[in-house]
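A closer look at the structure
Each chain, written out:
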Amino acid sequence: MDFHRVAWLCTFFCFAQVWSLPTRNCILRKDLMKKTCTFIETASGLFPSQCLDDHVSISFPQNVFESSNTLQVTGVEKAVYQTLQNIDALFENYSVPDQWDEEKMTDFRGIVYRQIEESKCIMSKSETEENFPSREASLKVYFEALSSTLKEKDFSFCAWEIVRSEILRTLNFILKHNSDIMYGSPQL
Amino acid sequence: MKALRCFSLLLSLSVVTALGDLSRPQNLSLQTLNTQYVLHWDWADDQQMAVNGTLTFTAQYLSAFQSRKAAHKQKWRTVCADVSERHCDFTDAGLNYWGIYYLRVRANTAQWFSSWTNISFCPDKDADLGPPSSVKLTSVKGDLEIVIAGPLSSTNESMKTLVQDMHYLIQYWKKPEDYKKAEVLKTKNNVVTLSELDGSTWYCVRVQSCCDFYNKTSVFSDTHCTRTEGQTPYWQIFLYFLLSLVLCFLLVLLVWFCFYKVLKSLKSIFYPNVQLPAHIQELWSPDSEKPQLLPPDSSGSVCEHLDVISAEMDTVTDAQSLNSEDQDTSAPSRHGSGDSGFNSTEEDFSRHGAVTDVQTDDVCKTNRKHTEELHNGTLELCA
């Protein structure tokens, strides 16, 4: 009898988890993502020509943000959220060069933090085919490559510019390919 | 048990020591409109007596992501330093619209300062949206055109740059009814045309701005009412037609009357009704006998004798001249006397009537004299 009760409770919670309707904030916002892009883009100028020699090629984990079918949408959502978390951690641990616009960097970090705080419930979503752990692993490798670049080049201005260009590339890729999972499409 | 007693004692002690400090501000609230943020707080006024000196407040803010650092590393920015009011304006403090901020206030005196009271604030999420800055309503050919100017930030920029998904909610209803029966139209455009409305009816309109993501709605703008153009009713058309008919008729009548008068006056001038007498009318005909003043064949001049009697003689002589007048046909001219002299002599004649009988002889003498003189005074008038 107890076993039956437990089984029923388990199935009930299981279904509740799967069918849990996402709340308003359990979605990423396109306008906030755009603003994030704008802030880091304008924090400094174009990629400086003197840093072209320093440039290292870091493989971009494109597959992390791609979903082959609609069942993998949650996985992509989580990957985007994870990217934001990693960006936040990167700037939390290391201080940016003085040549960069401090106000823009403060705004940038503020908006990244806000997205992380407001859309926390994304990480508690679950789907059958999301394969998030593999995505998470790929992202981890990518961000570790970025931080190692910084350390190797002794946190020079060029090293930071490389990291900045990589982050910009990531954010632009997300905006271009993953706008459908975000709130804020052109229609009313 | 002993530990418990010890702990409770320590707790009570800490509470007692805290009461010696200044109490911190309470009831922090934000009054917001678009990008205007004003922080209000209360402070326990019952402690006012215990305060020595002036009481001031300090307000600061911090970007939320910096709160993860250690307290001494956090860069709090002061917005209001030692102000005596119970509010602080954060509008120009440089708060980013999309960030999360912690705002804090404490009370200060010369010796003491209270602990901080914190509040979390995100303008995008918490700031109220204002109504549209202007709503213009015009009637265009049976439809109503509404021009909406969106709410403005503190730097007079449209809030649409900050709130991407802002849209307007238009309520419109017929004037006699209430806004509760209003129809609602949702739009992102600034120029909206309401169509399929009843003609010649009064409609009222009011607009509010809304944001979908946080379900923010502003207060409504002022209500504007106008009347739609419509088809003129049939009775109006008929009335105007009748009026124009009557006017035309009166105009024609006036013109005809004037024409008639002119014609009549012309006729009276050139073809009068009243005819001249026949004997006068004859004069206008070329072959009539006109009375001649002068014979047509007299070439010379015609002369007439004229006796001139002087007016300087006495009244007796005047009476004499009167008698001679009966014989003479030509009128004598008198020097310096007109008709009035003639009248006076008549009176004199009646008065001196008796005198003349007596003085006749004398008169006869003088008369003879006079006639002699008169012969000298004869005039010849020639024409």
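Just so it is clear, the structure is predicted and the values come from calculations on it, not from any experiment.

So, the overall build of chain B
The secondary structure content of chain B amounts to eight helices and 17 strands. Out of the 383 residues belonging to chain B, those deemed buried represent 30%. Within chain B, contacts between residues at least 6 apart in sequence are counted, and of these 63% link residues at least 24 apart. Counting only carbon and sulfur atoms, one obtains 57% of the accessible surface of chain B, whose full area is about 26100 Å².

Focus: the confidence of the model for chain A
Of the residues in chain A, 87% have a pLDDT of 70 or more, and the chain-wide mean is 86. For residues 18-22 of chain A, every residue scores under 50 in pLDDT, and the model assigns this stretch two contacts once sequence neighbours within four places are set aside.

Quick word on the interface of chain B and chain A
Each side of the interface is counted separately: chain B has 24 residues, and chain A has 23 residues. For the pair chain B and chain A, the summed buried surface comes to about 2100 Å²; carbon and sulfur atoms form 56% of the total. For the chain B face of the interface with chain A, the top three residues by lost area are F65(B), W98(B) and F213(B), together amounting to 37%. In this structure, the connection of chain B to chain A is made through four salt bridges. Notably, a salt bridge pairs R68(B) with E92(A), separated by 3.1 Å at the nearest N-O pair. Joining chain B to chain A, the criterion identifies nine residue pairs in polar contact (both at pLDDT 80 or more). Going through the elements one at a time, β6 (101-108) and α2 (123-126) of chain B are the ones with two or more residues in the side of chain B that touches chain A. The residue inventory of the side of chain B that touches chain A, partitioned by class, reads nine nonpolar, six polar and nine charged.

Observations regarding the pairing of strand β3 (residues 56-63) of chain B
Residues and elements named next belong to chain B. For β3, a buried count of eight out of eight residues is recorded, marking the element as mostly surrounded by other parts of the structure. Note: β3 against β6, eight bridges, orientation antiparallel. Paired with L62 across the two strands is Y102, which belongs to β6.

A look at helix α5 (residues 132-152) of chain A
For the α-helix, the turn length of 3.6 residues means that residues three or four positions removed from each other point alike. All names here are of chain A. For α5, built from 21 residues, the straight-helix expectation of 30 Å at 1.5 Å per residue is met to within 8% by its first-to-last C-alpha distance of 30 Å. Close packing links the buried residues of α5 with α3 (73-93) and α6 (157-177). Note on α5: the residue one or two positions beyond its end, D154, has a positive phi of about 60°.

Topic: the pattern of salt bridges
In this structure the tally under the stated criterion is 16 salt bridges over all chains. With a shortest N-O distance of 2.5 Å, R68(B) and D88(A) are connected by a salt bridge. Residue R68(B) is located in the loop between β3 and β4 (77-83), and its partner D88(A) is located in helix α3; the two belong to separate chains. Ionic pairing is found between R114(A) and E118(A), a salt bridge with its closest N-O pair at 3.3 Å. Of this pair, R114(A) and E118(A) are both found in helix α4 (residues 102-118), four residues apart, which corresponds to roughly one turn of the helix. In terms of burial, R114(A) and E118(A) fall into one category: buried.

Here we look at the pairing of strand β1 (residues 26-33) of chain B
Residue and element names in this part refer to chain B. Pairing of β1 with strand β2 (residues 36-42) involves six bridges; the strand directions are antiparallel. Pairing of Q26 across the sheet is with D42, part of β2. The antiparallel hairpin formed by β1 and β2 contains two residues in its connecting segment, where N34 sits at a positive phi of about 55°.

Observations regarding the packing of α5(A) against α6(A)
Residue and element names in this part refer to chain A. Where α5 meets α6, the axes come as close as 8 Å, and the angle between the chain directions of the two elements is 160°. As far as their axial angle goes, α6 and α5 are roughly antiparallel. Note on packing geometry: the crossing formed by α5 with α6 is left-handed. For the pair α5 and α6, the contacting residues are Y142, L146, T149 and L150 in the first and A159, W160, V163, E166 and T170 in the second. For the contact of α5 with α6, a count of residues per class yields six nonpolar, two polar and one charged.

Quick look at helix α2 (residues 30-42) of chain A
For α2(A), with 13 residues, the first-to-last C-alpha span of 18 Å sits near the 18 Å given by 1.5 Å per residue. For α2(A), the full list of buried residues reads K30(A), D31(A), L32(A), M33(A), T36(A), C37(A), F39(A) and I40(A). Where α2(A) is buried, its residues contact α3, α4 and α6 of chain A together with α2 of chain B.

Thoughts on the packing of aromatic side chains
Residues and elements named next belong to chain A. Throughout the structure, instances matching the rule amount to 17 aromatic pairs over all chains. Of the aromatic side chains, those joined through ring pairs into one cluster are F60, F65, Y142, F143 and F173. One residue, K78, lies across the ring of F132, its end atom 5.7 Å from the ring centre. The cationic tip of R164 hangs over the ring face of W100; the distance from NZ or CZ to the ring centre is 5.8 Å.

Looking at the sheet that holds β6(B)
All names here are of chain B. In spatial order, the strands read β4-β3-β6-β7; together these four strands make up an open sheet with antiparallel pairing. Each edge of the sheet is formed by a strand with only one pairing partner; in this case those strands are β4 and β7 (117-121). Going from strand to strand, the sheet's axes swing by 15° on average, the running direction of each strand aside.

Quick look at the side chain of D165(B)
Here D165(B) is to be found in the loop between β9 (143-149) and β10 (166-174). Although buried, D165(B) forms no salt bridge, and the nearest oppositely charged side chain, R29(A), lies 5.5 Å from it. Among the polar contacts made by the side chain of D165(B), one reaches the side chain of Y183(A) at a distance of 3.0 Å. In this structure the side chain of D165(B) is engaged in a polar contact, spanning 3.3 Å, whose partner is the backbone nitrogen of F213(B). Residues contacting D165(B), with those up to four places away along its chain left out, are Y183(A), K188(B), C210(B), C211(B), D212(B) and F213(B).

Thoughts on unusual backbone geometry
Residues and elements named next belong to chain B. Here D82, not a glycine, exhibits a phi torsion of approximately 55°, which is positive. Relative accessible area serves as the criterion here: at 48%, D82 is assigned to the partly exposed category. For S200, which is not a glycine, the phi torsion comes out positive at approximately 50°. Secondary-structure assignment places S200 in the loop between β12 (191-194) and β13 (202-211). Overall, S200 belongs to the partly exposed group, its relative accessible area being 30%.

Rules used throughout
Residues numbered from 1 in each chain as written. Chains lettered and ligands numbered in written order. Predicted model: local features only at pLDDT ≥ 70, side-chain atom pairs only at ≥ 80, totals over all residues. Heavy atoms only, no water. Helix = DSSP H or I, 4+ residues; strand = E, 2+ residues; numbered from the N terminus. Buried < 20%, exposed > 50% of the residue type's maximum accessible area, 1.4 Å probe, protein only. Contact = heavy atoms within 4.5 Å. Areas by Shrake-Rupley, 256 points an atom, 1.4 Å probe, with all protein chains shown as cover. pLDDT = per-residue confidence, 0-100. Buried area = accessible area lost by both parts, 1.4 Å probe. Salt bridge = Lys/Arg side-chain N within 4 Å of Asp/Glu carboxyl O. Polar contact = N/O pair within 3.5 Å; in protein donor to acceptor, adjacent residues only side chain to side chain. Nonpolar A, V, L, I, M, F, W, Y, C, P; charged D, E, K, R; others polar. Pairing = 2+ DSSP bridges. Expected span 1.5 Å × (residues − 1). Axes fitted to C-alpha atoms, helices over the stretch in contact; angles between N-to-C directions. Parallel < 35°, antiparallel > 145°, perpendicular 65-115°, else oblique. Left-handed = near helix turned anticlockwise from the far one by under 90°. Phe/Tyr/Trp six-rings, centres within 6.5 Å; stacked < 30°, edge-to-face > 60°. Lys NZ or Arg CZ within 6 Å of the ring centre and 35° of its normal. Lys, Arg positive; Asp, Glu negative; His and termini not counted.

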